[in-house]
Amino acid sequence: MTEADGTGIGHSQLTVTLGRGDLGAKLECRALSPTLDVPMAAWVEVDVYVRPLTWELTGYNAPVLAGSVVNLLCQVKGARPAANITWFNGTNELSPQPSSNLAVQVKYRVPVLE
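All figures in this text were calculated on a predicted structure; none of them were measured in a lab. (Residues numbered from 1 in each chain as written. Predicted model: local features only at pLDDT ≥ 70, side-chain atom pairs only at ≥ 80, totals over all residues. Heavy atoms only, no water.)

Notes on the environment of valine 46
Link 1 in the chain: Inspection of the secondary structure assignment puts valine 46 in the loop between strand 2 (40-45) and strand 3 (54-59).
Link 2 in the chain: The exposure class assigned to valine 46 is buried, which follows from its relative accessible area of 11%.
Link 3 in the chain: A sequence separation of 22 residues divides valine 46 from glycine 24, and the C-alpha atoms of the two residues are 5.2 Å apart.
Link 4 in the chain: In this structure valine 46 touches Leu18, Asp22, Leu23, Gly24, Ala25 and Leu27, once residues within four positions along its chain are discounted. (Helix = DSSP H or I, 4+ residues; strand = E, 2+ residues; numbered from the N terminus. Buried < 20%, exposed > 50% of the residue type's maximum accessible area, 1.4 Å probe, protein only. Contact = heavy atoms within 4.5 Å.)

Structure (structure tokens):
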């Protein structure tokens, strides 16, 4: 668009659908003008939140005696941000108690973005 004083306004809008493959992508807008030696540019780095790709529960898969210690591992992979894991026994949420043998260890691994 050209203003009354001869200056111009450029406007461009981009609508995109982002996916897992766009995580960390840089989208750039460039403005060209005969009065510029090099184009003006601005960019934004895309931070895409994605649901988990897989989850797996491993550990002891047989009957156990009361009082036995059983180690179970729940792994949720591919989520961004990292998934929060909560353990339940039926409808009751399990949480570590000072007088119980329940120990919940949480480890987060930061994904490497390429």
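Considering a nonpolar patch on the surface
Link 1 in the chain: Judged by side-chain polarity, Leu14, Val16, Leu18, Leu27 and Val44 come together as a nonpolar surface patch covering roughly 440 Å² of accessible area.
Link 2 in the chain: Relative to the helices and strands, leucine 14 resides in the segment before strand 1 (26-31). (Patch = residues over 30% accessible without salt bridge, like charges linked within 9 Å, V, L, I, M, F, W, Y side chains within 5 Å. Areas by Shrake-Rupley, 256 points an atom, 1.4 Å probe, with all protein chains shown as cover. Salt bridge = Lys/Arg side-chain N within 4 Å of Asp/Glu carboxyl O.)

A short note on the pattern of salt bridges
Link 1 in the chain: Overall, the coordinates contain two salt bridges when judged by the stated rule.
Link 2 in the chain: For arginine 30, the salt bridge goes to glutamate 28, with nearest N and O atoms at 2.3 Å.
Link 3 in the chain: Assessed through its relative accessible area of 45%, glutamate 28 is described here as partly exposed.
Link 4 in the chain: Among the ionic pairs, arginine 80 bridges to aspartate 47, the shortest N-O distance being 2.9 Å. Residue arginine 80 is located in the loop between strand 4 (72-77) and strand 5 (87-89), and its partner aspartate 47 is located in the loop between strand 2 and strand 3; the two are separated by 33 residues in the primary sequence.

A look at the layout of surface pockets
Gaps left between atoms show up when a probe the size of a water molecule is rolled over them.
Link 1 in the chain: Within this model, the second largest pocket holds a volume of roughly 220 Å³.
Link 2 in the chain: Taken together, Gly8, Gly10, His11, Ser12, Cys29, Arg30, Ala31 and Leu32 make up the lining of the second largest pocket.
Link 3 in the chain: Across the lining of the second largest pocket, the residue classes break down as three nonpolar, four polar and one charged. (1 Å grid on protein atoms, 1.4 Å probe; cavity = no way out; pocket = protein on both sides within 12 Å on 5 of 7 lines; lining within 4 Å. Points joined across faces, edges and corners; volume = space filled by probe spheres on them. Nonpolar A, V, L, I, M, F, W, Y, C, P; charged D, E, K, R; others polar.)

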